[in-house]
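Below are the chains, spelled out letter by letter.
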Amino acid sequence: MQKPNISAGKVLAMRSSRIHGKGVFARVPIPSGVRLIEYRGKRITNAVADALYPEDRAVPYHTFLFAIDGDVVIDAGRGGNMSRWINHSCDPNCDAVVDDGRVWIESVRDIAPGEELTYDYNFVLDERHTPAAKRRYPCICGAAKCRGTILAKKR
Ligand SMILES: C[S@@+](CC[C@H](N)C(=O)[O-])C[C@H]1O[C@@H](n2cnc3c(N)ncnc32)[C@H](O)[C@@H]1O
Ligand SMILES: [Zn+2]
């Protein structure tokens, strides 16, 4: 079984974020290329995820789901760990890497103590990513190159 390069509890902390709600922050310097924590949760199908969490356009979008592929979704609302609090950025310092069906959060540059961990959610909808769709999934990461949405770039 793959393991993170570090002990997440010693290196990461969850607290209030300037991006959104709660976030995850570095407690110590973290070099680039470190496998930090697994995105854990109950594994469900896409169909079950849609049935459990239908999109409600009347409320701001919020999810703890991570879609691995067309079939498998990780529901970090059940059995999840600290990774479920990691916010999206359009200029992230981490990446979510799928390895043998599991998802790992890995640093992609050096991270200073106190810096918030982020990765690019790159959400993909079944529908086209029209300007209206992008507005339903806004991004407020604050990056200079923020694309204004947590949806993936192309489609
Ligand atoms: C896995 S949760 C991350 C933890 C979240 N901050 C919280 O307190 O629940 C993912 C949700 O956080 C929000 N979020 C994360 N990054 C965001 C961003 N850059 N801009 C706007 N909302 C964001 C969205 O509602 C998204 O569906
Ligand atoms: Zn952004």
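Think of each chain on its own: its residues are numbered from 1, step by step along the sequence as written. By the order in which they are written, chains take letters starting at A while ligands take numbers starting at 1. Two thresholds apply to this predicted model, a pLDDT of at least 70 for residue-level local features and 80 or more for giving and counting side-chain atom pairs, whereas whole-chain, interface and lining totals are computed over all residues. Computation of side-chain values: all heavy atoms of the structure, hydrogens and water removed.

(A) Representation of the coordination of the zinc ion (ligand 2). Every protein donor of the zinc ion (ligand 2) is accounted for by Cys90 (SG), Cys139 (SG), Cys141 (SG) and Cys146 (SG), and the metal-donor separations fall at 2.3 to 2.4 Å. Considering all four donor atoms around the zinc ion (ligand 2), angles at the metal cover 103 to 115° and the coordination shape is tetrahedral. The donor set comprises N, O and S atoms within 2.8 Å of the metal, extended to 3.2 Å for Na, K and Ca; water molecules are omitted, so apparent gaps in a site may simply reflect that omission. In these descriptions, tetrahedral denotes four donors with every angle between 85 and 135 degrees, square planar four donors and octahedral six donors with opposite donors over 155 degrees apart and the rest between 65 and 115, and irregular any other case.

(B) The arrangement of the site of ligand 1 in detail. The criterion for a residue being near a molecule or strand is simple. One of its heavy atoms has to lie within 4 Å of it. Residues in close proximity to ligand 1 total 18 residues, the closest being His20, Lys22, Tyr61, His62 and Asn87. As used in this structure description, the phrase polar contact means that two N or O atoms lie within 3.5 Å; if the pair is within protein, one of them must be able to donate a hydrogen and the other to accept it, and residues adjacent in sequence are counted only when both atoms belong to side chains. The separation between an oxygen atom of ligand 1 and a polar side-chain atom of His62 is 2.7 Å. With respect to ligand 1, the backbone of His88 contributes an N or O atom lying 2.8 Å from a nitrogen atom. Residue-level accessible areas treat just the shown protein chains as cover; the underlying method is Shrake-Rupley with a 1.4 Å probe. Contact with the protein chains hides 94% of the accessible area of ligand 1, taken as 570 Å² for the molecule alone.

(C) Region of interest: a nonpolar patch on the surface. Like-charged residues within 9 Å of one another, or nonpolar side chains (Val, Leu, Ile, Met, Phe, Trp, Tyr) within 5 Å, are grouped into patches, provided each residue has over 30% relative accessible area and no salt bridge. Between Lys or Arg on one side and Asp or Glu on the other, a salt bridge is scored when a side-chain nitrogen of the former is within 4 Å of a carboxyl oxygen of the latter. Together, Val48, Leu52 and Tyr53 line one region of the surface with nonpolar side chains, adding up to about 260 Å² of accessible area. Given the relative accessible area of 40%, Tyr53 is considered partly exposed. With a 1.4 Å probe rolled over the protein chains alone, any residue whose accessible area is under 20% of its type maximum counts as buried; one over 50% counts as exposed, and the rest are partly exposed.

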